Amino acid sequence: MERHSGEIRIPDLANPQLTPGQRAAIAYGETQRPSLREAEVLEAAQKQSGLSDFGAEDFRPRLRAWLQAARGDSELNALNRMLLHEDCVRILVNRLRLEDLLRRHPEILEIPISRPIIIAGLPRSGTTHLVGLLGADTRLRSLPYWESREPIPARGEGPGRDGLDPRWLRCQQSYEAQLEQMPLLRAMHDMPPEHIHEEIELLNLDFWSYHLEWLACVPGWRDFYLAQDPLPRYAYLKKALQALQWLRGGERWVLKTPQHLEWLPALHATFPDATIAITHRDPVSVIQSAITMLAYSDRSRRQRVDLAGLAEYWSDRVERLLRACVRDREALPAAQSLDVLFHEFMADDLAMVERIYERAEFSLPPETLAEIARALDENPRGRHGRIRYDLRGDFGIEPGALRERFAFYFERFPVRAED
């Protein structure tokens, strides 16, 4: 790691120089033999939760495809195989607990999800910053990271004597361990327990999201996921939101997941009274940021870091997301949607918040605006350092040449290039 005038440069993306802690974690993974087979992960989840009913059985083909794709990535190291196994079991435990809660309290399914504010847009395009600002409004119900990781508490598990939810404590421990292993992730995408997170973790409950693509090289999963009918999967998301609202209250949600960008008609059909804000940014900057973060993470989870492969895969993936957005943008009612241009948002983020509230027909009294402004002051962008991204130097890609691939997007939206 090198620092220049407050910027952090990662000089060893292609040939990582591992820390002793990273080597120890990888060595530990090699002592484990986790299974990525359907029967074994189902059994592990049932044993851990003490529950057996997963609800509708139609999730099993998606689970099998998820596991098959993970097994098919031959470059995964043993540590990442272990982490994927743990992630799969965690998702299954969460599903078991959700189904158990709904069986005991069927009235949950009558709870309305009324007029949510939903943010869609490319990853690394300001979605996290925007949902963090809106989430500072305590009148809105948001999804903190600790809750997204374990949305349904185990029966009988409540706050300890310190008043803290055990799920928060487990998330904090995981966060600290991650920072010890990968400290620069904090400067790229900091995710402490209280961080306002994505509902992608709730979509994971039905084994339908692009989340696995961030953890492994799984083009087969991408193709399988894109071929699925999104409407039943969004119905499952709504069911999970109803349960969370029943558990911890709230009347109006603020949500965000970049994945929504390629499913706008289904999103609108599921939440017909939602206000949907779509963030837009130069896709070259998005790709540059995303693949740098992935390359840095891959030093601990893959046998080698493939910079060219990351650039190729995510340039294609971003193009697919944007082509879906261009295709479906007009499916959203104009009175319930707006486009958030990155350069305008960065120039005056509070003004953009006001625009969203106006479109959502939601009041913004002075005390609420002060709440949001205070959150902005307490969490300035770049507070943990700024990564110096270098698409040309690190990946050998000319930004201008890559940008030509996205001419269709620049023609549709007045996005500003960020050279």
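In case you missed it, the structure is sitting above this.
Residues numbered from 1 in each chain as written. Predicted model: local features only at pLDDT ≥ 70, side-chain atom pairs only at ≥ 80, totals over all residues. Heavy atoms only, no water.

1. Thoughts on the overall build of the protein chain
In terms of helices and strands, the protein chain carries 20 helices and 7 strands. Taken against the 2.2 N^0.38 rule, which gives 22 Å for 419 residues, the C-alpha radius of gyration of the protein chain at 21 Å falls within 12% of a compact globule. Along the first, second and third principal axes, the C-alpha atoms of the protein chain reach 55 × 55 × 45 Å. Scored against the burial criterion, the 419 residues of the protein chain give a buried share of 56%. Across the protein chain, the fraction of contacts at a sequence separation of at least 24, relative to all contacts at a separation of at least 6, is 80%. Here the protein chain displays about 18,000 Å² of accessible surface, and carbon together with sulfur accounts for 49% of that area. Distance between charge centres in the protein chain, computed from 55 positive and 64 negative side chains, equals 3 Å. (Helix = DSSP H or I, 4+ residues; strand = E, 2+ residues; numbered from the N terminus. Rg over C-alpha atoms; globule rule 2.2 N^0.38 Å. Buried < 20%, exposed > 50% of the residue type's maximum accessible area, 1.4 Å probe, protein only. Contact = heavy atoms within 4.5 Å. Areas by Shrake-Rupley, 256 points an atom, 1.4 Å probe, with all protein chains shown as cover. Lys, Arg positive; Asp, Glu negative; His and termini not counted. Charge placed at Lys NZ, Arg CZ, Asp CG, Glu CD.)

2. Here's the deal with the packing of helix H2 (residues 38–49) against helix H4 (residues 78–104)
It is at 8 Å that the axes of H2 and H4 come closest, and there the two elements cross at 55°. In terms of orientation, H2 and H4 fall into the oblique class. Helix-helix and strand crossings are classified by hand; for H2 and H4 the assignment is right-handed. Contact residues: Val41, Leu42, Ala44, Ala45, Gln46, Gln48 and Ser49 in H2; His85, Cys88, Val89, Leu92, Val93 and Leu96 in H4. (Axes fitted to C-alpha atoms, helices over the stretch in contact; angles between N-to-C directions. Parallel < 35°, antiparallel > 145°, perpendicular 65-115°, else oblique. Left-handed = near helix turned anticlockwise from the far one by under 90°.)

3. Considerations on the sheet that holds strand S4 (residues 254–256)
Backbone-to-backbone hydrogen bonds pair the strands of a sheet. The strands run either parallel or antiparallel. Read from one edge of the open sheet, 4 strands run S4-S3-S5-S6, paired in parallel fashion. Both edges of this open sheet fall to S4 and strand S6 (337–341), since each of them pairs with a single strand only. Each strand axis lies, on average, 20° off the axis of its neighbour in the sheet, ignoring direction. Sheet topology note: the strand S5 (residues 275–280)/S6 ladder contains 5 bridges and is parallel. The partner of Thr279 across the bridge, within S6, is Val340. (Pairing = 2+ DSSP bridges.)

4. Comments concerning the packing of aromatic side chains
Under the counting rule described, the total for this entry stands at 15 aromatic pairs. With 5.6 Å between their ring centres and 35° between their planes, Phe54 and Phe59 make a pair best called tilted. On the accessibility criterion, Phe54 (2% relative accessible area) is buried. Summarising the aromatic geometry, the rings of Trp208 and Trp263 are spaced 5.2 Å apart at their centres and angled 50° between planes, so their arrangement reads as tilted. Here Trp208, found in the loop between helix H9 (200–204) and helix H10 (219–226), pairs with Trp263, found in the loop between S4 and helix H12 (264–270); they are 55 residues apart in sequence, far enough to count as distant. According to the relative accessible area criterion, Trp208 is buried, its value standing at 1%. On the basis of relative accessible area, Trp263 is assigned to the buried category, the value being 9%. Across the ring face of Phe362, the terminal group of Arg139 is positioned such that the distance to the ring centre comes to 4.2 Å. One cation-aromatic arrangement involves Arg252 over Phe362; the distance from NZ or CZ to the ring centre is 5.0 Å. (Phe/Tyr/Trp six-rings, centres within 6.5 Å; stacked < 30°, edge-to-face > 60°. Lys NZ or Arg CZ within 6 Å of the ring centre and 35° of its normal.)

5. Regarding the nonpolar core
Counting 103 residues, the largest nonpolar core has Leu63, Leu84, Leu92 and Phe271 as the members making the most contacts within it. If one sorts the elements of this core by residue count, H4 sits on top with 10 residues. Those residues within four positions of Phe271 in sequence are excluded, and the remaining contacts are Ile113, Pro116, Ile118, Tyr234, Leu237, Lys238 and Leu241. Listed in part, the 23 residues of the second largest apolar core include Ile117, Leu133, Leu134 and Ala360. (Core = buried A, V, L, I, M, F, W, Y, C linked by side-chain atoms within 4.5 Å.)

6. Topic: the pairing of S5
Along S5, 6 of the 6 residues are buried, which leaves the element largely enclosed by surrounding structure. Note that strand S3 (residues 117–121) and S5 share 5 bridges and pair parallel. When the sheet's bridge partners are listed, Ala120 is paired in S5 with Ile278.

7. Quick notes on the environment of Phe408
The topology assignment puts Phe408 in helix H20 (residues 407–412). Judged by relative accessible area, Phe408 falls into the buried class, the value being 15%. Residues Phe408 and Ala324, spaced 84 residues apart in sequence, show a C-alpha to C-alpha distance of 11 Å. Excluding anything up to four places from it in sequence, Phe408 contacts Glu319, Leu322, Arg323 and Val326.

8. Description of H4
For H4, built from 27 residues, the straight-helix expectation of 39 Å at 1.5 Å per residue is met to within 8% by its first-to-last C-alpha distance of 39 Å. Capping the start of H4 is the job of one residue whose side-chain oxygen sits 3.3 Å from the backbone nitrogen of Leu79: Asn77. (Expected span 1.5 Å × (residues − 1). Polar contact = N/O pair within 3.5 Å; in protein donor to acceptor, adjacent residues only side chain to side chain.)

9. With respect to the side chain of Asp73
Residue placement: Asp73 occurs in the loop between helix H3 (60–72) and H4. A relative accessible area of 5% means that Asp73 is categorised as buried. What Asp73 contacts, discounting residues up to four positions off in sequence, is Ala216, Cys217 and Arg302.

10. Some points on the pattern of salt bridges
A side chain of one charge can pair with a side chain of the opposite charge if their charged atoms are brought near each other. Throughout the structure, instances matching the rule amount to 46 salt bridges. For Arg355, the salt bridge goes to Glu344, with nearest N and O atoms at 3.7 Å. Here Arg355, found in helix H16 (residues 349–359), pairs with Glu344, found in helix H15 (residues 342–347); they are 11 residues apart in sequence, far enough to count as distant. Residue class for Arg355 comes out partly exposed when judged on its relative accessible area of 34%. (Salt bridge = Lys/Arg side-chain N within 4 Å of Asp/Glu carboxyl O.)

11. Brief notes about the environment of Asp339
Relative to the helices and strands, Asp339 resides in strand S6. When the C-alpha atoms of Asp339 and Pro193 are compared, they prove to be 29 Å apart, with 146 residues separating the residues in sequence. Within the structure, Asp339 has its side chain in polar contact with the side chain of His280 (distance 2.8 Å). A distance of 3.0 Å separates polar atoms of two side chains, one belonging to Asp339 and the other to Arg329.

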